[in-house]
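Observations on the model geometry
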Amino acid sequence: MQTPKRTTFHAVRDEVKRRIEARIWPQGALLPTETELAEEFGCARATVNRALRELADQGFVERRRKSGTRVKTAPVKHAKIEIAVVRQTVEEQNAVYRYALVERSVSEAPAWLTSQLGLKAGTRVLHLLCMHYADNRPFQFEERWINIATVPDIEHADLTTVGPNEWLLNAVPFTDAEITFSAVSTDTKLSDFLATAVGTPVIQLERTTWLQGEPVTYVRMTHHPGYRFRTQY
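Residues numbered from 1 in each chain as written. Predicted model: local features only at pLDDT ≥ 70, side-chain atom pairs only at ≥ 80, totals over all residues. Heavy atoms only, no water.

Moving on: the pattern of salt bridges. Using the criterion set out here, one finds 14 salt bridges in the structure. With a closest N to O distance of 2.5 Å, E155 and R124 form a salt bridge. Here E155 is found in the loop between β5 (137-147) and α6 (164-171), whereas its partner R124 is found in strand β4 (residues 124-134), with 31 residues between them in sequence. Taking the relative accessible area as the measure of exposure, E155 reaches 22% and is therefore partly exposed. By relative accessible area, which is 38% here, R124 ends up partly exposed. Here the residues in one salt-bridge network are R13, D14, E54 and D176, joined through shared partners. (Salt bridge = Lys/Arg side-chain N within 4 Å of Asp/Glu carboxyl O. Helix = DSSP H or I, 4+ residues; strand = E, 2+ residues; numbered from the N terminus. Buried < 20%, exposed > 50% of the residue type's maximum accessible area, 1.4 Å probe, protein only.)

Attention now goes to the sheet that holds β5. Sheet architecture is open: six strands sit in the order β3-β4-β5-β8-β7-β6, paired in antiparallel fashion. What marks the edges here is a single partner per strand, and that holds for β3 (97-108) and β6 (176-185). Ignoring which end each strand starts from, the neighbouring axes of this sheet average 15° apart. Pairing of β5 with strand β8 (residues 214-223), which is carried by seven bridges, proceeds in the antiparallel orientation. (Pairing = 2+ DSSP bridges. Axes fitted to C-alpha atoms, helices over the stretch in contact; angles between N-to-C directions.)

Once that is clear, we can look at the packing of aromatic side chains. A complete count under the given rule lists five aromatic pairs for this structure. Aromatic side chains W112 and Y218 sit 5.7 Å apart centroid to centroid with 75° between the ring planes, which places their arrangement in the edge-to-face category. With W112 in helix α5 (residues 111-117) and Y218 in strand β8, the pair connects residues that are 106 residues apart, well separated along the chain. For W112, a relative accessible area of 34% puts it in the partly exposed group. The structure contains a cluster of three or more aromatic residues connected by ring pairs, namely W112, W145 and Y218. Positioned over the ring face of Y133 is R98, at 4.1 Å from the centre of the ring. (Phe/Tyr/Trp six-rings, centres within 6.5 Å; stacked < 30°, edge-to-face > 60°. Lys NZ or Arg CZ within 6 Å of the ring centre and 35° of its normal.)

Before going further, it helps to spend a moment on unusual backbone geometry. Backbone geometry follows two general trends: most residues other than glycine have a negative phi, and most peptide bonds adopt the trans configuration. Positive phi, close to 65°, is recorded for R23, a residue that is not glycine. Here R23 lies in the loop between α1 (9-21) and α2 (34-41). The exposure class assigned to R23 is exposed, which follows from its relative accessible area of 54%. At N94, a position not held by glycine, the phi torsion is positive, near 60°. Turning to its location among the elements, N94 is positioned in the loop between α4 (86-92) and β3. On the accessibility criterion, N94 (74% relative accessible area) is exposed.

Turning to the nonpolar core, a few remarks are in order. Counting 21 residues, the largest nonpolar core has V151, I154, L159 and W167 as its most contacted members. Listing elements by their share of this core, those giving two or more residues are α4, β3, β4, β5 and α6. Counting residues per element, this core draws most heavily on β4, at four residues. Every residue in contact with V151, bar those within four places of it in the chain, is listed here: I146, W167, L168, V172 and V216. By size, the runner-up hydrophobic cluster in this structure holds 18 residues, among which are F9, I20, L37 and L55. (Core = buried A, V, L, I, M, F, W, Y, C linked by side-chain atoms within 4.5 Å. Contact = heavy atoms within 4.5 Å.)

Written out as structure tokens, the structure reads:
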């Protein structure tokens with residue numbers, strides 16, 4: 001007997017979003033309660049709560065205690081962020097790109113990653129350290145974990161000449177992504193790779209991608225001092 005596949009928060013979020021965009025729930029409409037939606041979708045209330053929180057962050061709904069969740073009445077613009085290939089970014093700056101695979105290992109996902117991505121205990125991941133250069137100057141230090149269960153071909157893929165981001169974009173689709181931008185101070189390891197003094201402020205991007213609710217990869221990308229990020233909306 002097969003265990004029924006659980007309903008993920010991605011599925012709930014996407015269906016609620018579809019109904020809003022289709023005007024099934026028009027602007028200003030009060031959505032069903034979390035308990036009612038959980039019963040409809042056959043999932044936990046916490047799953048519905050997370051889906052609605054994401055929709056609130058994206059500007060589709062507004063949530064108020066004791067008043068419920070309503071479809072927003074005013075349209076919200078959102079910045080468009082593309083998952084760029086580092087090689088293309090460097091070459092667009094008329095610089096010569098170089099990539100180096102620094103370290104590669106397969107192990108069980110560490111506890112913090114298991115908790116953050118909702119992985120099962122003992123999930124095997126590929127851990128990578130990579131460097132990207134522009135005109136032989138440090139451009140980006142990349143530390144990445146890839147879920148082998150979702151991307152089994154990655155375990156034996158040749159990543160010595162092509163970076164993992166470029167390999168994944170060419171080989172594996174993704175349905176959802178989450179990106180965080182932070183200002184961090186370089187520690188000893190980052191300073192060595194980015195050729196800068198310890199404590200130098202730099203921009204760090206953290207990105208997670210999923211395929212139909214299953215985690216694909218989590219990556220930290222730390223850029224050289226002076227790196228600028230632009231987006232449009």
